[in-house]
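Results of the structural survey
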Amino acid sequence: ASLSPPPPRHMSAPPSSSPSPAPIPQPAATLAPAGMRGAAAEDSSGSPPSRMSEDDDDGDGAGGGDRWAPDLRGCGNGGGGGGRWAPPDQVLENVLESVLEFLTAARDRNAASLVCRSWYRAEAQTRRELFIGNCYAVSPRRAVERFGGVRAVVLKGKPRFADFSLVPHGWGANVSPWVAALGPAYPRLERICLKRMTVSDDELALIPKSFPLFKELSLVCCDGFTTRGLAVIAEGCRHLRVLDLTEDYFHEEESEVVDWISKFPECSTSLESLVFDCVSVPFNFEALEALVARSPALRRLRVNDHVSIEQLRRLMARAPHLTHLGTGSFRSEPGPGGALSVSELATSFAASRSLVCLSGFLDANAAYLPAIYQVCANLTSLNFSFAGLTDEEFIPVIRHCVNLRTLWVLDTVGDEGLRAVAETCSNLRELRVFPLDATEDSEGSVSDIGLQAISEGCRKLESILYFCQRMTNAAVIAMSENCPDLLVFRLCIMGRHRPDRITGAPMDEGFGAIVMNCKRLTRLSVSGLLTDKAFAYIGGHGKLIKTLSVAFAGNSDMSLQHVFEGCTRLQKLEVRDSPFGDKGLLSGLNYFYNMRFFWMNSCRLTVKGCGDVAQQMPNLVVEVMKENEGEMDTVDKLYLYRSLAGPREDAPSFVNIL
Amino acid sequence: MAAAMSYVHADVENLKATELRLGLPGVEESDKMPSPPSTPRAGTKRALAGEHREVEPKAAPPAAKAQVVGWPPVRSYRKSCFQQASSKTKEAAPAPVVVKQEEAAVAAAPPAAAAAGGSLYVKVSMDGAPYLRKIDLKMYKGYRELREALEAMFLGFSGDAGSVNPSDFAVTYEDKDGDLMLVGDVPFGMFMSTCKRMRIMKGSEARGLGSSKE
């Protein structure tokens, strides 16, 4: 029963976050253990869940739609701490809630929630998006008890190194306890975004059952579901606007594939985004064509590699207002009418005046690329990272893309291709260069030359991921000087311990220059031959770094110590195959509560060392995994993370929680 | 300086990795040594201290450095798309499905079948069929098994055209150079390593009788 007067009309205002108020000193018991600032609700750091940075969806933010009447449960529980409970001032709460609606950034909300109990309660009822960066950091029950009015949930599961087969199968991050808790608690839930979690078809089936207003489902790097689950979503979620399946692991026998596309409602749908390029099984194309035809709001469509050029043309004809298009195979499968001509395809593209983002090209025939020239000038985002284009095939295309801000390519375009990018795309903000042959001793087609060229032409670069075999300090230093706005610098020299190809020196100076000159840097991945010096630089200058990835680097535990002592904003640290031991681990003791997690594999940790950490840090979960039984004391994999939930109960037998 | 020496040594190792050797493509040394699910054992970790050497034992044959799991850090989703594109048949950093008794440390990204070195998927299209199929060439020991599998897979489509005679069709493939070749000319191993996709054509086309489609 609500005690409030009729809620005031929601004022429209930009959902930007206001500066957080100065905290009022309170002698009362704190609402969370010291050092555990808002563990359940962290600011979204690191990469956005969506695949292309352009497409980052800000979500609901300041609650639109009908207002939420304040619910006075939840004072005291979920926040811990005793103290006397004072009856809330209802008018104050209403006013507070109206104001807090405008706060969207989780960081601001976390700060607001710490001001006092009133603010804590008001914030808890008005938070619309619940972001949980580590699904094991808090129990579902606790999250649901604290936050009453949630409309969107973002959950992240496995550590990122799971993408590289470093986390054994069956480790965890199953969504089931969450779905079980969210269902009863948030009947008005509209959006779920999961990353690196295991989701079964049965769990997908719970979504339409539990959430009648459900609108958006986004699964990134997830596994465990099949077309059967997709069919349930399509059929059951009548208000579905977004179904985005990005880089999920699909392992379905073709004989078991379900025709999920046909399950969408027969009437006009509210679909705005349908992304299923990773669902690499055959599907009912006619059904898709019909679906697109009856989805007038559709703006994003990314199809899988079972779609030919001829079929793509038909889809584009049905959806001339698309802004984001994943082109499927981009190859001709000639039917009775023969193969499509380039000019026919060009006509289709010319008619799509709204296209700003192109991807797909999953098996591209480069002969058809000229068909896209007409839209290139409008493109802000282009993903060629599945098309092994040579420089000759790539350069004529990129020369048209003068407004590009995001580009993903394969290294097959070579340094020459990158030079063309540098000469054309002066507005580029994000570049990713993936290797065609992702092995250590592959040829590698891009080098320091390409990196240097990019740095000279794309001065506004903010994010780069670059795989190569040969690199020099000079080129990295040049990038640090030419592109001072870099936020993300991820360089992967694929051969391990590889030094500067010209001088033979370690890559310390290059990475040192990056942290020194790129003062806004928040994410760094290092590679190549690196000594402790590099980490002294990183600790000394990388003050804003939140995510650091280290592999085959450093001389001694001093490296880790430099990082822990220097990188005061560090939240995520992943280390592999480096000569760091218990001493290095212990140097982080004072900092682990400020971090989301620390992953370390194939280093020199012992069970005793990890046990010491576990003993001294009660709110840290310390998981160790061992591969072989022979050496009892060594630890192969360590994953530690702060948590309000204590040791998890679903840990498999190969995980030992200390 | 010892440090400089080891850099040169690293370069020499890389040279060896790219040296030319006799032998048919695709018929090289075995794809992968059964590498441990995780990276080097404690014994080799000592090599890391102060020396910037490769971690593998030096006795490893030059071109087949023991592949390290998960390195380079490319998602298996992405790697599995380029199996055929890579000229070597060895697969990088396989997710070895080493199943222990207690089913514990199965280090596998879920698409183990695709990403691990144990499969080679190619697309197969057939003229007139509504959609493509994907088959794993490594499942077949030779051309006869392959042909049988294709017949089983595709003959259903032409069912309504009356009795189907398999000899009405020619199985062709597109090789790495983009040329259309007839399946069966080269040793099966070589075929596996050069085949990018397959196409089942109506017999009249395969005999080169004009380019118009039916």
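Residues numbered from 1 in each chain as written. Chains lettered and ligands numbered in written order. Predicted model: local features only at pLDDT ≥ 70, side-chain atom pairs only at ≥ 80, totals over all residues. Heavy atoms only, no water.

1. Re the overall build of chain A
For clarity, the cut-off: Put simply, DSSP H or I for four residues or longer makes a helix, DSSP E for two residues or longer makes a strand, and each gets a number counted from the N terminus. Accessibility here uses a 1.4 Å probe with only protein chains present; expressed as a share of the type maximum, an area under 20% marks a residue as buried, one over 50% as exposed, and anything in between as partly exposed. Residues are treated as being in contact if the distance between any of their heavy atoms lies within 4.5 Å.
Secondary structure summary: chain A contains 20 helices and 21 strands in total. When burial is assessed residue by residue, chain A has 62% of its 658 residues classed as buried. Of the contacts made within chain A by residues no fewer than 6 positions apart, 73% connect residues no fewer than 24 positions apart.

2. Thoughts on the environment of P396 of chain A
Residue and element names in this part refer to chain A. Inspection of the secondary structure puts P396 in helix α12 (residues 391-398). Using a relative accessible area of 32% as the deciding quantity, one classes P396 as partly exposed. Spatially, the C-alpha atom of P396 lies 9.6 Å from that of G417, the residues being 21 residues apart in sequence. P396 has contacts with Y373 and D391, leaving out every residue within four places of it along the chain.

3. Some points on the packing of α12 of chain A against helix α13 (residues 414-424) of chain A
All names here are of chain A. Counted only if it meets this: Orientation is described by axes fitted as lines to C-alpha atoms, over the contacting stretch for helices, and by angles from 0 to 180 degrees between their N-to-C directions. An angle counts as roughly parallel when it lies under 35 degrees, as roughly antiparallel when it exceeds 145, as roughly perpendicular when it falls between 65 and 115, and as oblique in every other case. Residues are grouped as follows: Ala, Val, Leu, Ile, Met, Phe, Trp, Tyr, Cys and Pro are nonpolar; Asp, Glu, Lys and Arg are charged; every other residue, Gly included, is polar.
At a closest axis distance of 9 Å, the pairing of α12 and α13 adopts a crossing angle of 5°. In terms of axis orientation, α12 runs roughly parallel to α13. Of the residues in α13, those touching α12 at D391, F394, I395 and I398 are E416, G417, A420, V421 and T424. For the contact of α12 with α13, a count of residues per class yields five nonpolar, two polar and two charged.

4. Here we look at the UniProt feature "domain: COI1 F-box" (unreviewed entry) in chain A
Here is the rule we go by: UniProt positions are given in the numbering used here, feature names are shortened, and annotations may be inferred rather than shown by experiment.
UniProt feature "domain: COI1 F-box" (unreviewed entry): in the numbering of this structure it lies at residues 89-128 of chain A. Taken end to end, residues 89-128 of chain A comprises 72% helix and 0% strand; its first and last C-alpha atoms sit 22 Å apart.

5. Regarding the pairing of strand β11 (residues 406-410) of chain A
Note on strand geometry: in a regular strand, side chains alternate between the two faces of the sheet. Residues and elements named next belong to chain A. Keep this limit in mind: Between any two strands, pairing holds if DSSP finds at least two bridges. Note on handedness: a clockwise path from strand one over the helix to strand two, with the strands aimed away from the viewer, defines a right-handed crossover.
When you tally the buried positions in β11, you get five out of five residues, the bulk of the element. Along β11, one buried face is formed by T406, W408 and L410 and the opposite face, lined by L407 and V409, is buried too. The pairing of strand β10 (residues 381-383) with β11 spans three bridges and is classified as parallel. If you follow N383 over to β11, its bridge partner there is W408. Assessed by its sense of winding, the connection that carries the chain from β10 through α12 to β11 is right-handed. Bridge analysis of β11 against strand β12 (residues 430-434) gives five bridges, and the strand direction is parallel. Paired with L410 across the two strands is F434, which belongs to β12.

6. A look at the environment of Y591 of chain A
All names here are of chain A. You can see Y591 is positioned in the loop between α19 (582-586) and β18 (597-601). You can call Y591 partly exposed: its relative accessible area is 26%. Along the backbone, Y591 and F564 are 27 residues apart, and their C-alpha atoms lie at a distance of 6.8 Å. Dropping the residues within four chain positions of it, Y591 is found in contact with F564 and E565.

7. Thoughts on helix α18 (residues 558-566) of chain A
Among the residues of α18 of chain A, those classed as buried are S559, L560, V563, F564 and G566 of chain A. For α18 of chain A, the elements touching its buried residues are α17 (532-541), β16 (547-551), β17 (572-576), α19 and β18 of chain A.

8. Let's talk about the packing of aromatic side chains
The geometry of an aromatic ring pair is captured by the separation of the ring centres together with the interplanar angle, meaning the angle of the planes. The line we're drawing: Two rings from Phe, Tyr or Trp (for Trp, the six-membered ring) form a pair when their centres sit within 6.5 Å of each other. Planes less than 30 degrees apart are called stacked, planes more than 60 degrees apart edge-to-face, and all others tilted.
Scanning the entire structure with this criterion turns up 29 aromatic pairs over all chains. On the basis of an interplanar angle of 70° and a centroid distance of 5.1 Å, the ring pair of F552 of chain A and W71 of chain B is categorised as edge-to-face. Here F552 of chain A, found in the loop between β16 and α18, pairs with W71 of chain B, found in the loop between α2 (42-45) and α3 (76-79), and the two come from separate chains. Take F552 of chain A and W71 of chain B: they sit in the same class, and that class is buried. Ring centres of Y173 of chain B and F191 of chain B lie 4.8 Å apart, and the angle between their planes is 85°; on these two criteria the pair is classed as edge-to-face.

9. Description of the pattern of salt bridges
Selection criterion: Any Lys or Arg side-chain nitrogen found within 4 Å of a carboxyl oxygen on Asp or Glu counts as a salt bridge.
What the rule picks out here adds up to 38 salt bridges over all chains. In this structure, D363 of chain A engages K123 of chain B in a salt bridge whose closest nitrogen and oxygen atoms are separated by 3.6 Å. Here K123 of chain B lies in strand β1 (residues 121-126) and D363 of chain A lies in the loop between β9 (357-359) and α11 (373-376), a pairing that spans two chains. Residues joined in a network through salt bridges with shared partners are D305, R331 and D363 of chain A together with K123, K134, E174 and R197 of chain B.

10. Observations regarding the UniProt feature "domain: Transport inhibitor response" (unreviewed entry) in chain A
Here, the residues flagged by UniProt with the feature "domain: Transport inhibitor response" (unreviewed entry) are residues 150-194 of chain A. As a span, residues 150-194 of chain A carries 22% helix and 20% strand, and end to end its C-alpha atoms are 16 Å apart.

11. Concerning the state of the cysteines
What counts here: Pairs of cysteine sulfur atoms within 2.5 Å are what we label disulfides.
Going through the model one piece at a time under the given rule, you end up with zero disulfides over all chains. The structure places no disulfide on C376 of chain A, whose sulfur is separated from the nearest cysteine sulfur, that of C401 of chain A, by 3.6 Å.

12. Focus: the side chain of S527 of chain A
Residues and elements named next belong to chain A. Just so we agree on the cut-off: Polar contact is the term for a pair of N or O atoms within 3.5 Å; when the atoms are in protein, one must be able to donate a hydrogen and the other to accept it, and sequence-neighboring residues count only if both atoms are side-chain atoms.
With respect to the element layout, S527 can be found in the loop between β15 (523-525) and α17. Given a relative accessible area of 1%, S527 falls into the buried group. At a separation of 2.8 Å, a polar atom in the side chain of S527 contacts the main-chain carbonyl oxygen of L491. A polar atom in the side chain of S527 sits 2.8 Å from the backbone nitrogen of I493. Those residues in contact with S527 that lie beyond four places of it in its chain are L491, C492, I493, M507 and F511.

13. Some points on the sheet that holds strand β2 (residues 133-136) of chain B
Residues and elements named next belong to chain B. In space, the five strands of this open sheet follow the order β2-β1-β5-β3-β4, with mixed pairing throughout. Each edge of the open sheet is held by one strand with a lone partner, namely β2 and β4 (180-182). The average angle at which neighbouring strand axes cross in this sheet is 35°, direction not considered. Strand direction decides the pairing type here: β1 and β2, joined by four bridges, are antiparallel. Each bridged residue has a counterpart across the sheet, and for K123 the counterpart in β2 is K134. Strands β1, β2, β3 (169-175) and β5 (195-202) of the sheet are contacted by helix α5 (residues 143-154), whose axis makes an angle of about 155° with β2.

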